[in-house]
Amino acid sequence: QVQLVESGGGLVQAGGSLRLSCAPAGRTSRVTNMGWFRQAPGKEREFVAAIYWSGRSTRYADSVKERFTISRDNAKNTVYLQMNGLKPEEPAVYYCAAAFAGVMLPVRVEDYDYWGQGTQVTVSS
């Protein structure tokens with residue numbers, strides 16, 4: 001089992017920045033990829049970004065490229081999502097996820113095995 005704890009959500013003005021953190025615990029040796037997803041009210045959960053656990057490869061949704069950055073701190077065993085230039089249409093619950101799959105940088109919800117509880121991001125216009 002892998003436990004994921006997110007933090008860093010909150011209220012920010014449009015154009016502002018937030019950094020989300022995710023600290024996996026448990027059987028992390030089996031983790032191959034980490035991802036961030038978001039879900040707005042009434043909408044499906046959507047892919048935001050992913051990072052390959054043993055390397056530096058990353059993937060982003062087109063809607064967040066050039067504004068969001070996913071990274072990993074080996075010493076702290078933590079994954080981050082730096083979000084810059086937040087838009088009024090981007091408030092959602094942001095979820096951290098861990099995958100055991102062999103697929104590199106998966107983008108589908110069903111490719112991830114464990115999920116955090118989510119952290120709320122609110123963007124005011």
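Residues numbered from 1 in each chain as written. Predicted model: local features only at pLDDT ≥ 70, side-chain atom pairs only at ≥ 80, totals over all residues. Heavy atoms only, no water.

Q: Honestly, the pattern of salt bridges in this entry has me stumped. Any pointers?
A: Where side chains of opposite charge bring their charged atoms close, a pairing between them can arise. Applying the stated criterion to the full structure yields six salt bridges. For the salt bridge of Glu46 with Arg38, the shortest nitrogen-to-oxygen distance reads 2.6 Å. On the accessibility criterion, Arg38 (8% relative accessible area) is buried. Taking the shortest distance from any N to any O, the salt bridge between Arg38 and Glu90 comes out at 3.1 Å. Taken together, the positions of Arg38 in strand E4 (residues 33–39) and Glu90 in the loop between strand E8 (78–83) and strand E9 (92–99) put the pair 52 residues apart, joining distant regions of the chain. Connected via shared salt-bridge partners are Arg38, Glu46, Arg67 and Glu90. (Salt bridge = Lys/Arg side-chain N within 4 Å of Asp/Glu carboxyl O. Buried < 20%, exposed > 50% of the residue type's maximum accessible area, 1.4 Å probe, protein only. Helix = DSSP H or I, 4+ residues; strand = E, 2+ residues; numbered from the N terminus.)

Q: Would you take a moment to explain the state of the cysteines for this structure?
A: Here a disulfide denotes a covalent bond joining the sulfur atom of one cysteine to the sulfur atom of another. In total, this model carries one disulfide according to the counting rule given. A disulfide bridge connects Cys22 with Cys96, and the sulfur atoms are separated by 2.0 Å. Between Cys22 and Cys96, the S-S dihedral sits near -75°, and the bridge is therefore left-handed. Of this pair, Cys22 sits in strand E3 (residues 18–26) while Cys96 sits in strand E9, and the two are 74 residues apart along the sequence. Cys22 gets classed as buried once you look at its relative accessible area, which sits at 0%. (Disulfide = S-S within 2.5 Å.)

Q: Got a minute to help me understand the packing of aromatic side chains in this structure?
A: What characterises a pair of aromatic rings is the spacing of the ring centres plus the angle enclosed by the ring planes. Tallying each qualifying case throughout the model produces six aromatic pairs. Plain terms: the ring middles of Tyr95 and Trp115 are 6.5 Å apart, the flat faces sit at 80° to each other, and that makes the pair edge-to-face. Taken as a pair, Tyr95 in strand E9 and Trp115 in strand E10 (residues 114–115) lie far apart in primary sequence, 20 residues in all. These aromatic residues form a ring-pair network of at least three members: Phe37, Phe47, Tyr95, Tyr112 and Trp115. Above the face of the Tyr95 ring, Arg45 is positioned so that its terminal group lies 3.7 Å from the ring centre. For Arg45, the ring lying beneath its charged end belongs to Trp115, and the centroid distance is 4.8 Å. (Phe/Tyr/Trp six-rings, centres within 6.5 Å; stacked < 30°, edge-to-face > 60°. Lys NZ or Arg CZ within 6 Å of the ring centre and 35° of its normal.)

Q: Where do I start with the sheet that holds E3 in this structure?
A: Within a sheet, adjacent strands bond to each other through the backbone by hydrogen bonds, running parallel or antiparallel. Pairing is antiparallel in the open sheet, where four strands are placed in the order E1-E3-E8-E7. Of all the strands in the sheet, the pair left with one neighbour each is strand E1 (2–7) and strand E7 (68–73). Sheet twist, expressed as the average angle between the axes of neighbouring strands with direction ignored, equals 20°. (Pairing = 2+ DSSP bridges. Axes fitted to C-alpha atoms, helices over the stretch in contact; angles between N-to-C directions.)

Q: What's the story with the nonpolar core in this structure? I'm lost.
A: Soluble globular proteins: nonpolar side chains tend toward being buried together. Ranked by size, the top nonpolar core spans 37 residues in total, and within it Met34, Trp36, Leu81, Met83 and Tyr94 carry the most contacts. Among the secondary structure elements, those contributing two or more residues to this core are E1, E3, E4, strand E5 (46–52), E7, E8, E9 and strand E11 (119–124). Ranked by residue count, the leading element in this core is E9, at six residues. When neighbours within four sequence positions are excluded, Tyr94 is seen to be in contact with Glu6, Leu20, Phe37, Arg38, Val48, Phe68, Leu81, Met83, Gly118, Thr119 and Val121. (Core = buried A, V, L, I, M, F, W, Y, C linked by side-chain atoms within 4.5 Å. Contact = heavy atoms within 4.5 Å.)

Q: Would you take a moment to explain the side chain of Glu6 for this structure?
A: Among the structural elements, Glu6 can be located in strand E1. Buried and unpaired, Glu6 has Arg45 as its nearest opposite-charge partner, separated by 7.5 Å. Here Cys96 takes part through its backbone nitrogen, which lies 2.6 Å from a polar atom of the side chain of Glu6. A polar atom in the side chain of Glu6 sits 3.0 Å from the backbone nitrogen of Gln117. Not counting residues up to four positions away in its chain, the partners in contact with Glu6 are Ser21, Cys22, Trp36, Tyr94, Tyr95, Cys96, Gly116, Gln117, Gly118 and Thr119. (Lys, Arg positive; Asp, Glu negative; His and termini not counted. Polar contact = N/O pair within 3.5 Å; in protein donor to acceptor, adjacent residues only side chain to side chain.)

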